[in-house]
Amino acid sequence: MIQITGLTKVCGKGAPPAVLDLTFDARPGLVTALLGPEGAGKSTALRLMLELERGQGVTLFDGRTYRRLRRPEREVGVLLPGPGEGAAAMAGHPGRKARSHLRMLAAVVGVPARRVDELLEQTRLAPVAGQRLRTFSPGMHRRLALAAALLGDPGTLLLDAPTEGLSPRNVEWFHSFLRSFAVAGGTVLVTTRTPQEAAQLADRVITLDRGRPVADQPVAEFCRTRLSPEVAVRGPQMARLADLLVSQGAEVRRDGGAGLAVAGIGRTEIGELAYRHGILLHELADRVVEQPAPKAALPVSSGRSGHIHAQPKPAAEPAEAEPAAPKPQDDATLPIQALPVASVATALSALAVVAPEPRAREDTAPTVAVDRLFWDGPSPGSGDREAATDLLLDDTVRLRRLTPKAAPAAAPATPDDHRSE
Amino acid sequence: MRVLAYELRRLRGLRSTWLLLAAVLLCDAAVAAVLASQAPAGPLPGPAEVRLLTAAVPLLPLPFAALGAGVLGALSYGHEVRHPGLPASQVSYTRRVRLLLGKLLVIGPVAGLLALATLLLDTLAVHLALPAGVSVAAWADPSALSGRVSEALTSAGLSGLADLPGAFAPVALVAGHGVPAALVAFVLLTVVAGWTGVLTASLTRGAAAGVLLLCALPPLLESGVALLLRQTGTPWPARAAELLPFQSGVEWAYGWVYGGDRGAAPGGAALTDPALLAAMAAPAAALLLVALLVQARRREL
């Protein structure tokens, strides 16, 4: 459990504060994500928590500050980006070998060398343990840094942009690892730049904007307010298709010259509809549209997370403040908040009609993966729990301390090989 | 203990450590051989022997071995700054100080061993490279031996080094009058240089700046002290000059301040004076104090 209270960092006189009064809790068993664009103060906040930078505010790890922890490596695992920009960040000296690097750090933590080999297996670096770090890819560097953070078998993980600049496979590996770490009872706090990743990975999302916390939401609420699934359709007869879709209850808006962005109806249904009416399609693709983050000028939330389950803060959801009055300006390029009774702008007429039968989207709060947001099958919204159980059943990423007797070389579910990346 | 284990592993696992040590040994031996081959014919004086054995080159502020130890120390700290280990070892003051002391404890013996190894190698190189006309006084003449060595020899029942088999001939190079003391001082100087390298790098938070500061220290210190002594009217203490016959920096400062050459006369009693030892360790001790104070003000290493 990490309790963060009033973290503030003021860089200089006149300059805006890098972090202003950040207050939240990261609870055990949950993944908490700090979300914000570059320069929002996520890394600064993390460094402030570890007291690597001077600033105000207190961060308690199970009741003690990081500096006062008796054995910090055994309680909090920290992954900070190494020297080097973004994806080029190194986990250690380029001339070292992976195993000797970890053994060296194990000497500081005071754990036996056996633990090093265990972690190399766990992070799938065992085959390259004898190679020098300069030959490592960004994904391998990041996994090595994670292994170093896990040396003391901590119950809490603090990770600064763990998946930034990595290949999708490595990102997926990191996600499943962190999810299973949390499921095993650990506390995970990560920073990320992309809302999609936050939705996929986290249970709670705290949004930062220019150093100010603007939203602290459970992931379901986050997905509802900040992400909306859409289908991009492109073709020569979009006006006709738009009319048909509107009559089906979908929400349609113009997307570029000969394209539509359709919400409220599945991809397969659109395809069927087009086929039945003989409409030619050039493109039909799912995508997730990101809603603009709430602005920092709004009243800042300062309540502890966990107490706001029942009562969504109005500050966090500016769109719900006035649900009956959509904004009059009809900018087609700007994503429009999906509302239960939605205003529909068709590609040609920008005609506003009331959708006759809004789909029951509010009930299908997805919690794990964004791709589960799409209505793949006939039963919408049934997949989110499945995804969680998928991860639980994935032995390859199961934590060692959860299953201490598990064989070290548990066969991966899929024979994928991260070395190739 | 953990810090020592960490530091040893760190030092051992880096290729640059071994390359640096090898380079120091090679350079040292090569320079010693070249200097020895240029020695004028006749008996070799004691200071010249020391100069040959430590491979002192007039332009370098420190002997090769001391410079190598200093670079090793600076790299050891610079490594922590450029490639930080776990953040936990950087946050609390006690752990940072422990890391610094661990580095000093590891670098000290390594520097000492390096100095001894260079001496061994240089003795061989000088012995092989000395021209035929040059004779080493200590080999044939027991009266040219240093006091301790002759004591040891008489207790072993020998009257002089010449009684030993010919394979021991290089020993004569290090057994001359006053030479062992000067060589021990050289080893100490190397150790102090290694520590100074760690501390300067810790002050400047970078290996390169640390090495530069280390190189600048001896000339600055020596000329500063010499100027100060001249202002106060005290002559340059003869013993300090005895202690540092191999240091090009001190000679340069000496020659500059007093104008003219001066034949160093090494004496065996130099090292027994605690004041001189203190004077030698003073820069490192002062740096350590400053480094500890600076660490208290810092958030990271």
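Just so it is clear, the model here is predicted, and its values are computed rather than measured. Counting restarts for each chain: residues are numbered from 1 in the order of the written sequence. Following the order in which they are written, the chains are lettered starting with A and the ligands numbered starting with 1. Where local features are concerned, this predicted model is filtered to residues with pLDDT of at least 70; where side-chain atom pairs are given and counted, the filter is 80 or more; whole-chain, interface and lining totals use all residues. Derived side-chain values reflect all non-hydrogen atoms in the structure, with water molecules and hydrogen atoms excluded from consideration.

Asker: Summarise the overall build of chain A; cite the residues concerned and give the values.
Answerer: Check the secondary structure of chain A and you find 11 helices and 13 strands. With a 1.4 Å probe rolled over the protein chains alone, any residue whose accessible area is under 20% of its type maximum counts as buried; one over 50% counts as exposed, and the rest are partly exposed. Taking all 421 residues of chain A together, the buried fraction comes to 50%. Between two residues, a contact is recorded if the distance between any of their heavy atoms is within 4.5 Å. For chain A, the proportion of contacts with a sequence separation of at least 24, taken over those separated by at least 6, is 69%. Surface accessibility follows the Shrake-Rupley procedure with a 1.4 Å probe radius. Residue values consider only the protein chains on display as shielding. Counting only carbon and sulfur atoms, one obtains 54% of the accessible surface of chain A, whose full area is about 18,600 Å². Note on conventions: DSSP H or I runs of at least 4 residues are helices, E runs of at least 2 residues are strands, and numbering of each starts at the N terminus.

Asker: Describe the overall build of chain B, and please don't skip the residues or the numbers.
Answerer: On a plain count of helices and strands, chain B comes out with 14 helices and 2 strands. Sorting the 301 residues of chain B into buried and exposed places 48% on the buried side. Sequence separation of 24 or more characterises 81% of the internal contacts of chain B that already satisfy a separation of 6 or more. For chain B, the accessible area works out to roughly 13,600 Å², and carbon and sulfur atoms hold 71% of it.

Asker: How would you explain the interface of chain B and chain A if you had to name every residue and give the values?
Answerer: The interface of chain B with chain A comprises 26 residues on the first partner and 28 residues on the second. Between chain B and chain A, a total of about 2,500 Å² is buried, with carbon and sulfur atoms accounting for 59% of that surface. Any carboxyl oxygen of Asp or Glu within 4 Å of a side-chain nitrogen of Lys or Arg constitutes a salt bridge here. Applying the counting rule to chain B against chain A returns 1 salt bridge. We note a salt bridge from Arg95 of chain B to Glu73 of chain A, for which the minimum N-O separation is 2.7 Å. We call two N or O atoms a polar contact when they sit within 3.5 Å, provided that within protein one can donate a hydrogen and the other can accept it, with sequence-adjacent residues counted only if both atoms are side-chain atoms. Summed over the shared surface of chain B and chain A, the result is 8 residue pairs in polar contact (both at pLDDT 80 or more). Only helix H1 (2–12), helix H4 (64–82), helix H5 (88–91) and helix H6 (93–129) of chain B provide two or more residues apiece to the side of chain B that touches chain A. Looking at which element gives the most residues to the side of chain B that touches chain A, the answer is H1 of chain B, with 5 residues. Under the scheme applied here, ten amino acids are nonpolar (Ala, Val, Leu, Ile, Met, Phe, Trp, Tyr, Cys and Pro), four are charged (Asp, Glu, Lys and Arg), and all others, including Gly, are polar. Classifying every residue of the side of chain B that touches chain A gives 8 nonpolar, 7 polar and 11 charged. By buried area we mean how much accessible surface two parts lose on assembly, using a 1.4 Å probe and totalling the loss over both.

Asker: Any details on the nonpolar core? Residues and values, ideally.
Answerer: Residues and elements named next belong to chain A. To qualify as a nonpolar core, a set must consist of buried Ala, Val, Leu, Ile, Met, Phe, Trp, Tyr and Cys residues joined through side-chain atoms within 4.5 Å. With 57 residues, the main nonpolar core has Leu146, Leu151 and Leu157 as its most contacted residues. The element that contributes the greatest number of residues to this core is helix H3 (residues 98–109), accounting for 8 residues. Not counting residues up to four positions away in its chain, the partners in contact with Leu146 are Leu79, Leu157, Leu159, Trp173, Phe174 and Phe177.

Asker: For helix H5 (residues 138–149) of chain A, give the residues involved together with the corresponding values.
Answerer: Its 12 residues give H5 of chain A an end-to-end C-alpha distance of 16 Å, which sits within 8% of 16 Å, the value for a rise of 1.5 Å per residue. Of all 12 residues making up H5 of chain A, 11 are buried, and the element is well covered by its neighbours. A helix is expected to span 1.5 Å multiplied by its residue count minus one.

Asker: Tell me what's going on with helix H10 (residues 179–204) of chain B, and back it up with residues and numbers.
Answerer: Residues and elements named next belong to chain B. For H10, built from 26 residues, the straight-helix expectation of 38 Å at 1.5 Å per residue is met to within 8% by its first-to-last C-alpha distance of 36 Å. Here H10 lies mainly inside the structure; 20 of its 26 residues are buried. Where H10 terminates, the next one or two residues include Arg205, which has phi positive at roughly 55°.

Asker: Quick one: what's the story with the side chain of Ser92 of chain B, residue by residue and with numbers?
Answerer: Relative to the helices and strands, Ser92 of chain B resides in the loop between H5 and H6. Polar side-chain contacts of Ser92 of chain B include one of 3.3 Å to the side chain of Thr94 of chain B.

Asker: How would you explain the sheet that holds strand S1 (residues 2–9) of chain A if you had to name every residue and give the values?
Answerer: Within a sheet, neighbouring strands are paired by backbone hydrogen bonds and run either parallel or antiparallel to one another. All names here are of chain A. Following DSSP output, two strands are said to pair if at least two bridges run between them. The strand order across the open sheet built from 3 strands is S2-S1-S4, with neighbouring strands paired in antiparallel fashion. The open sheet has two free edges, formed respectively by strand S2 (19–26) and strand S4 (56–61), since each of these has just one partner strand. Adjacent strand axes in the sheet meet at a mean angle of 10°, parallel and antiparallel pairs treated alike. Looking at chain direction, S1 and S2 are connected through 5 bridges and run antiparallel. Geometry is summarised by axes, namely lines fitted to C-alpha atoms with helices restricted to the contacting stretch, and by angles between N-to-C directions that run from 0 to 180 degrees.

Asker: Run through the pattern of salt bridges, naming residues and quoting values.
Answerer: Residue and element names in this part refer to chain A. Scanning the model with the defined rule gives 23 salt bridges over all chains in all. Between Glu118 and Arg115 there is a salt bridge whose closest N-O contact spans 3.1 Å. Of this pair, Glu118 and Arg115 both sit in helix H4 (residues 113–122), separated by 3 residues, roughly a single helical turn. Judged by relative accessible area, Glu118 falls into the partly exposed class, the value being 23%.

Asker: Kindly report on the packing of H3 of chain A against H1 of chain B, identifying the contributing residues and their values.
Answerer: Axis separation between H3 of chain A and H1 of chain B bottoms out at 7 Å; the angle between their running directions is 170°. Classed by the angle they form, the pair H3 of chain A and H1 of chain B counts as roughly antiparallel. Within the contact between the two elements, H3 of chain A uses Arg103, Met104, Leu105, Ala107, Val108 and Val109 of chain A and H1 of chain B uses Arg2, Ala5, Tyr6, Arg9 and Arg10 of chain B. Here the contact of H3 of chain A with H1 of chain B is composed, by residue class, of 7 nonpolar, no polar and 4 charged. With respect to orientation, any angle under 35 degrees is reported as roughly parallel, any angle over 145 as roughly antiparallel, any angle of 65 to 115 as roughly perpendicular, and every other angle as oblique.

Asker: So what's going on with the environment of Val184 of chain B? Which residues, and what values?
Answerer: Summarising the element assignment, Val184 of chain B is placed in helix H10. In this structure the C-alpha to C-alpha distance between Val184 of chain B and Ala115 of chain B, which are 69 residues apart in sequence, comes to 9.5 Å.

Asker: Requested: an account of the environment of Glu7 of chain B, with residues and values cited.
Answerer: All names here are of chain B. Along the chain, the position of Glu7 falls in helix H1. With 95 residues separating them in the primary sequence, Glu7 and Gly102 have C-alpha atoms 6.9 Å apart. Residues within four places of Glu7 in sequence aside, it is in contact with Ser76, Gly102, Lys103 and Val106.

Asker: Describe the environment of Pro168 of chain A, and please don't skip the residues or the numbers.
Answerer: Its place among the elements puts Pro168 of chain A in helix H6 (residues 168–183). Separated by 29 residues in sequence, Pro168 of chain A and Gly139 of chain A have C-alpha atoms that sit 9.9 Å apart.

Asker: I'd love a proper account of the packing of H4 of chain B against H6 of chain B, names of residues and values included.
Answerer: Residue and element names in this part refer to chain B. It is at 9 Å that the axes of H4 and H6 come closest, and there the two elements cross at 155°. The angle between H4 and H6 places the two elements in the roughly antiparallel class. In this structure, H4 crosses over H6, and the sense of that crossing is right-handed. Of the residues in H6, those in contact with Ala65, Gly68, Ala69, Leu72, Gly73, Ser76, Tyr77 and Glu80 of H4 are Leu99, Leu100, Lys103, Ile107, Val110, Ala111, Leu114, Ala115 and Thr118. Across the contact of H4 with H6, the residue classes break down as 11 nonpolar, 4 polar and 2 charged. Put simply, a crossing is left-handed when the front helix is turned counterclockwise from the back one by less than a right angle, and right-handed when it is turned clockwise.

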